Amino acid sequence: MQHTNIVLLQSDPKIAQTLAALLSDSFRHVHLAKSVDELRYTAVKHHPAAIVLDLESASLTDVETLKKEFDGVRVICNHRVADEEMWTRTLSVGADDCCPSSDTRGILSAAIRTDQLSRHMAA
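Residues numbered from 1 in each chain as written. Predicted model: local features only at pLDDT ≥ 70, side-chain atom pairs only at ≥ 80, totals over all residues. Heavy atoms only, no water.

1. What to know about the environment of Ala43
(1) Moving on: Its place among the elements puts Ala43 in helix H2 (residues 36-46).
(2) Moving on: For Ala43 and Ile6, which are 37 residues apart along the polypeptide, the C-alpha to C-alpha distance reads 8.5 Å.
(3) Moving on: Leaving out residues up to four positions away in the same chain, Ala43 has contacts with Pro48 and Phe70. (Helix = DSSP H or I, 4+ residues; strand = E, 2+ residues; numbered from the N terminus. Contact = heavy atoms within 4.5 Å.)

2. Here's the deal with the side chain of Thr90
(1) Moving on: Here Thr90 lies in helix H4 (residues 84-92).
(2) Moving on: Looking at Thr90, its side chain comes within polar contact range of the main-chain oxygen of Trp87, at 2.9 Å.
(3) Moving on: Residues contacting Thr90, with those up to four places away along its chain left out, are Leu55, Leu60, Cys77, Ala95 and Cys98. (Polar contact = N/O pair within 3.5 Å; in protein donor to acceptor, adjacent residues only side chain to side chain.)

3. Structural notes on H2
(1) Moving on: The complete set of buried residues in H2 reads Val36, Leu39, Arg40, Thr42 and Ala43. Angular distribution of buried residues about the axis of H2 spans 170°; they occupy a single face of the element. Turned more than 90 degrees away from the buried face of H2, the exposed residues are Asp37, Tyr41, Val44 and Lys45.
(2) Moving on: Each element contacted by the buried residues of H2 is listed here: strand S1 (5-9), strand S2 (29-33), strand S3 (50-54) and helix H3 (60-69).
(3) Moving on: Looking one or two residues past H2, His47 carries a phi angle of roughly 45°, positive in sign. (Buried < 20%, exposed > 50% of the residue type's maximum accessible area, 1.4 Å probe, protein only. Arc of directions from axis to C-beta.)

4. Quick look at the pairing of S1
Within a regular strand, the side chains alternate between the two sheet faces.
(1) Moving on: Of all five residues in S1, five are buried, a share of seventy percent or more.
(2) Moving on: Here S1 shows no split at all, with Asn5, Val7 and Leu9 on one side and Ile6 and Leu8 on the other all buried.
(3) Moving on: Relative to S2, S1 is paired through five bridges, and the arrangement is parallel. Note on S2: the bridge partner recorded for Leu8 is Leu32. (Pairing = 2+ DSSP bridges.)

5. Some words on the pairing of strand S4 (residues 74-79)
(1) Moving on: Here S4 lies mainly inside the structure; six of its six residues are buried.
(2) Moving on: Side chains Arg74, Ile76 and Asn78 project from S4 onto one buried face, and the interleaved Val75, Cys77 and His79 project onto a second face that is buried too.
(3) Moving on: In the sheet, S3 pairs with S4 via five bridges, with the strands oriented parallel. Its bridge partner lying in S4, Leu53 is registered against Cys77.
(4) Moving on: Relative to strand S5 (residues 97-100), S4 runs parallel, the two being bridged by four bridges. Its bridge partner lying in S5, Ile76 is registered against Asp97.
(5) Moving on: Taken together, S4, H4 and S5 form a β-α-β motif whose crossover is right-handed. (Right-handed = clockwise from strand over helix to strand, strands pointing away.)

6. Observations regarding the nonpolar core
(1) Moving on: In terms of nonpolar packing, the biggest core is built from 21 residues, with Leu39, Leu53, Val63 and Cys77 touching the most fellow members.
(2) Moving on: For this core, the element with the most residues is H2, which contributes three residues.
(3) Moving on: Discounting residues that sit within four places of it in the chain, Leu39 has contacts with Val7, Leu9, Ala33, Ile51, Leu53 and Leu66.
(4) Moving on: Ranked by size, the runner-up nonpolar core spans 14 residues in total, among them Ala20, Phe27, Ile76 and Ala110. (Core = buried A, V, L, I, M, F, W, Y, C linked by side-chain atoms within 4.5 Å.)

Shown next, in the form of structure tokens:
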């Protein structure tokens, strides 16, 4: 059952398409942004439950700013070489999770948890 919107910003078009296809089964609309500015515009317009953000397309400052601008929207970060140190740094600026870009199952799992959390909060 599809309930919410999600916005993706990815540096690798192949990963963007793979994630979009996986997430489209669980989310009403998957919006692909090409820049942080476009992501902001899309998030304002579509009120997503989550943002999946490639850290090769945005900085940690961008993550922190997005969390402040879009209070209540989960930000799930990914990076092609994500490790424990990167996970710690992203969480310290407010990200809700950080996964390797190749871990599409982990990204999907974090996004689905976002969707389930939204449904529980609305109930």
